[in-house]
Amino acid sequence: MIESLNSPHIARVKALIGSRGTKERKTSGHFVAEGLQCAREAMVATTGPRIETLYLTPSGRIKVEQISDLAAFNVIEVSDDVMKAMSETITPQGILAVCSIPANSLESMTLNGTRKFVYLSEIQDPGNAGTIVRSADAFGIDAVITSPGSVDLYSPKVVRSTAGSLWHTPVFENIELSTVLALGVQAFTLAAEGQKSLKDLKITKDCVAIFGNEARGLATAQGISSIEQVKISMPGNAESLNLSAAATIVMYHLANIPSS
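Summarised in this report is the structure supplied together with it.

What counts and what doesn't
Residues numbered from 1 in each chain as written. Predicted model: local features only at pLDDT ≥ 70, side-chain atom pairs only at ≥ 80, totals over all residues. Heavy atoms only, no water. Core = buried A, V, L, I, M, F, W, Y, C linked by side-chain atoms within 4.5 Å. Buried < 20%, exposed > 50% of the residue type's maximum accessible area, 1.4 Å probe, protein only. Helix = DSSP H or I, 4+ residues; strand = E, 2+ residues; numbered from the N terminus. Contact = heavy atoms within 4.5 Å. Phe/Tyr/Trp six-rings, centres within 6.5 Å; stacked < 30°, edge-to-face > 60°. Pairing = 2+ DSSP bridges. Axes fitted to C-alpha atoms, helices over the stretch in contact; angles between N-to-C directions.

Time to look at the nonpolar core. One finds Trp167 and Phe188 to be the most contacted residues of the largest nonpolar core, which totals 50 residues. It is helix α9 (residues 243-255) that contributes the most residues to this core, six residues altogether. With residues near it in sequence (within four places) discarded, phenylalanine 188 still touches Leu198, Leu201, Ile203, Val208, Ala209, Ile210, Ile227, Glu228, Val230, Val250 and Leu254. Judged by nonpolar contacts, the second largest core, of 17 residues, contains Ile175, Val180, Ile210 and Leu218.

Here is the structure:
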């Protein structure tokens, strides 16, 4: 068991979650997933990020040893103090995994006429991004794609917000919108000035739902004629919806309308 607070294991984990974590994650190809929910999905999933090292306190080991055979993983036991030094959370669950970032390629997503994608353009809020990945998992979206300048989907706050869905929904980062549109997909975005209600939107082929920045929206939408603008009808008094709430409504719609 590791008990020293000077352990290089602590330094490695802190580098992946610290202020320069984005650069470290890209350089090393690894990220940190903390807590039972993420560990459970990582241990049983056949797709998505793979666990490289699983750090467990004695109490954390008890929680996960019923999920899967720990012999299949590189398990390192640490003291509660060491786990606290590694963790970003106030009350660690005693479970922390260093996972590999999948080498996903957008070209691997073959189109079949029914694919549904979500594209996030310069989304900055990690809670919104993680919740959107979680909703995408719930409603069978084939992939979540982000633009350059969007939040790092493997940052600790995003990973926690996905609640394990990062192991079920492929994500592709730093993809230009023009690259997605070049696939020939049906593209639409939410806009207050949209002439068509979301409930009237018909999907005729592979499609992508595009969501813009929380404050600025999608700056390029006006200049791209192939992007249809739709709106969510809101009979109540609220002026607008939180981005992740609006995206979830859109994904629910996509999951419940037949392709034609």
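Our focus in this paragraph is the packing of aromatic side chains. The final tally for this structure, using the stated rule, is three aromatic pairs. For the ring pair phenylalanine 31 and tyrosine 154, a centre distance of 4.9 Å and an interplane angle of 50° mean the geometry is tilted. In this pair, phenylalanine 31 sits in strand β1 (residues 30-34) while tyrosine 154 sits in the loop between β6 (143-146) and α7 (156-162), placing the two residues 123 residues apart along the sequence. The exposure classification of phenylalanine 31 matches that of tyrosine 154, with both residues buried.

Before going further, it helps to spend a moment on the sheet that holds strand β3 (residues 75-77). Sheet architecture is open: four strands sit in the order β1-β4-β2-β3, paired in mixed fashion. Every other strand in the sheet has two partners, leaving β1 and β3 as the edge strands with one partner each. The mean angle between the axes of side-by-side strands here comes to 20°, regardless of whether they run parallel or antiparallel. Strand direction decides the pairing type here: strand β2 (residues 51-56) and β3, joined by three bridges, are parallel. Across the sheet, tyrosine 55 pairs through a bridge with isoleucine 76, a residue of β3. Running over the sheet, helix α3 (residues 36-44) touches β1, β2 and β4 (95-100) and is turned about 140° from β2.

A large share of β1 lies buried, amounting to five of its five residues. Here β1 shows two buried faces, one formed by His30, Val32 and Glu34 and the other by Phe31 and Ala33. Alignment of β1 against β4, held across five bridges, turns out to be antiparallel. Residue glutamate 34 lies in a different strand from β4, and its bridge partner there is leucine 96.

Geometric descriptors of this kind do not, in isolation, establish any biological role.
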